[in-house]
Amino acid sequence: MVLSMTPTRGRYFKTQPFFAFSTNDILVDNEEEFRVTLRMIVNEELVYELARSAHETRVLAPESLRHKLREHLLKGTQLNS
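Residues numbered from 1 in each chain as written. Predicted model: local features only at pLDDT ≥ 70, side-chain atom pairs only at ≥ 80, totals over all residues. Heavy atoms only, no water.

On to the pairing of strand β2 (residues 26-29), then. Note: β2 against strand β3 (residues 34-37), three bridges, orientation antiparallel. Within the sheet, the bridge partner assigned to Ile26 lies in β3 and is Val36. Between β2 and β3, which pair antiparallel in sequence order, lie four residues. (Pairing = 2+ DSSP bridges. Helix = DSSP H or I, 4+ residues; strand = E, 2+ residues; numbered from the N terminus.)

See the structure below:
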């Protein structure tokens, strides 16, 4: 999977043990964007974790994860409207 996030979120991301990655997995790390590629199984826990930072994180790939995250966020807005 490929994630793009704000630089602030990227600094936080690098400190979290939930996402295992090496420096070779970092694609972009500058003042405009932090982008990383990860090898993880797409599951509900991953979707929940990404939803927590949806305002600062974009899923660039795979499309199936983007779809699951979008569905999860839509359900939350429907329950609270």
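Think of a pair of aromatic rings as described by two things: how far the centres are apart, and how the planes are tilted against each other in angle. Evaluation of the coordinates by the stated rule reveals two aromatic pairs. Ring centres of Phe13 and Phe21 lie 5.2 Å apart, and the angle between their planes is 35 degrees; on these two criteria the pair is classed as tilted. The exposure class of Phe21 is partly exposed, given its relative accessible area of 24%. Residues Phe13 and Phe34 carry aromatic rings whose centres are separated by 5.7 Å and whose planes lie at 50 degrees to one another, so their mutual orientation is tilted. Residue Phe13 is found in helix α1 (residues 7-15), and its partner Phe34 is found in strand β3; the two are separated by 21 residues along the sequence. Through a chain of ring-to-ring contacts, three or more aromatic side chains come together here, namely Phe13, Phe21 and Phe34. (Phe/Tyr/Trp six-rings, centres within 6.5 Å; stacked < 30°, edge-to-face > 60°. Buried < 20%, exposed > 50% of the residue type's maximum accessible area, 1.4 Å probe, protein only.)

This part is about the nonpolar core. Of all hydrophobic cores here, the largest spans 15 residues; its most connected members are Leu3, Phe13, Leu38, Leu50 and Leu65. Taken together, the elements giving at least two residues each to this core come down to β1 (2-5), β3, α2 (44-52) and α3 (63-79). Counting residues per element, this core draws most heavily on α2, which supplies four residues. Apart from residues no more than four positions distant in its own chain, Leu65 is found in contact with Met1, Val42, Leu46, Val47, Leu50 and Val59. (Core = buried A, V, L, I, M, F, W, Y, C linked by side-chain atoms within 4.5 Å. Contact = heavy atoms within 4.5 Å.)

With respect to topology, four strands assemble into an open sheet ordered β2-β3-β1-β4, the strand pairing being antiparallel. This sheet does not close on itself; its edge strands, each paired only once, are β2 and β4 (57-61). With strand direction ignored, the average angle separating the axes of adjacent strands in the sheet is 15 degrees. Of the pairings in the sheet, the one linking β1 to β3 comprises four bridges and is antiparallel in character. (Axes fitted to C-alpha atoms, helices over the stretch in contact; angles between N-to-C directions.)

Turning our attention to the side chain of Ser4. One can find Ser4 in strand β1. A distance of 2.6 Å separates a polar atom in the side chain of Ser4 from a polar atom in the side chain of Glu33. Setting aside its immediate chain neighbours within four residues, Ser4 contacts Glu33, Phe34, Arg35, Glu56, Thr57, Arg58 and Leu60. (Polar contact = N/O pair within 3.5 Å; in protein donor to acceptor, adjacent residues only side chain to side chain.)

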